[in-house]
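# Residue-level structural notes
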Amino acid sequence: MRNIIYYLISASVSLLCYTYISSYLQFERRISSLTKTLEYITTEIQYDVQQRQARFENDRKELEDLRYQVAQFGSIVQRSQSVNLAQDTLGGRVIEVSGLFLNLPKCPFAPLREMFGLPCCPACKILKSGSVPSGDCIAFQGTKASFVIKLMEFAHIESLSLEHIPVAQSPTGEISSAPKEFSVSAIAENGKEIYLAGFIYALPGDHVQEFRLAQPTRKTFNTVRINFKTNHGHPEYTCVYRIRIHGILSPKN
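Read on for an overview of the structure. (Residues numbered from 1 in each chain as written. Predicted model: local features only at pLDDT ≥ 70, side-chain atom pairs only at ≥ 80, totals over all residues. Heavy atoms only, no water.)

With that out of the way, let us pick up the packing of aromatic side chains. For the coordinates displayed, the defined rule picks out eight aromatic pairs. Consider the rings of phenylalanine 140 and phenylalanine 228, whose centres lie 6.2 Å apart with planes at 35°: the pair is tilted. Residue phenylalanine 140 is located in strand S3 (residues 138–141), and its partner phenylalanine 228 is located in strand S8 (residues 221–228); the two are separated by 88 residues in the primary sequence. We note that phenylalanine 140, like phenylalanine 228, is buried. Ring plane angle 80° and centroid distance 5.2 Å describe the contact between phenylalanine 182 and phenylalanine 211, whose orientation is recorded as edge-to-face. With phenylalanine 182 in strand S5 (residues 181–187) and phenylalanine 211 in strand S7 (residues 208–212), this pair connects stretches of sequence that are 29 residues apart. (Phe/Tyr/Trp six-rings, centres within 6.5 Å; stacked < 30°, edge-to-face > 60°. Helix = DSSP H or I, 4+ residues; strand = E, 2+ residues; numbered from the N terminus. Buried < 20%, exposed > 50% of the residue type's maximum accessible area, 1.4 Å probe, protein only.)

Turning next to unusual backbone geometry. The step from leucine 203 to proline 204 runs through a cis peptide bond, and the omega angle for that step is -5°. By the secondary structure assignment, proline 204 is in the loop between strand S6 (193–200) and S7.

Rendered as structure tokens:
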């Protein structure tokens, strides 16, 4: 009987030990499985984070490129808004001239025309757009004359263009009557003239030449004076065909 009891006790203890060890091993396996799962999840998360960081960095660079392109586009747009402020069809007018002009007709009944809103402006032909026929210019004796031009609106002045006929279009085969040295001034509302720059219309060269200021005028102006000083050698007269004044429209300062 004693042996049976001892056997039963031994069997019970062995069963308990087996159960404990089995449970412990299962727990270890679960821990190991969970650890591997966590390691896998951690690896996946790290990979995902790296991928997201890479995409974020790529998006950031693309955004910077886009901002640069927008800035460039803005600059282009701003440049495209530079208009010919002196064009006659937009309201540009020659309001004053000085010099000995050879082909500038007087305006009959000028005060009456002004009264009825029909201003006479023979010199405004230099502000026209379109084709430039030979001889369609304002000619003045010698080399010195000035034109005061009222612009369409107040604007920051950027540049000025002079157009003369090309040599091939000249009936005489030469264009020594083209202006050479000239200067540009802006006229403030109080009548004060502000010198902007001096330029040279170069020959040989393009028949349309643009002359840019070092930078657009900080203030806005609606009146400009152009002083012609020399020509390219013609002994009797100088011809001015077309003048364009470029700038960016802006509210009056």
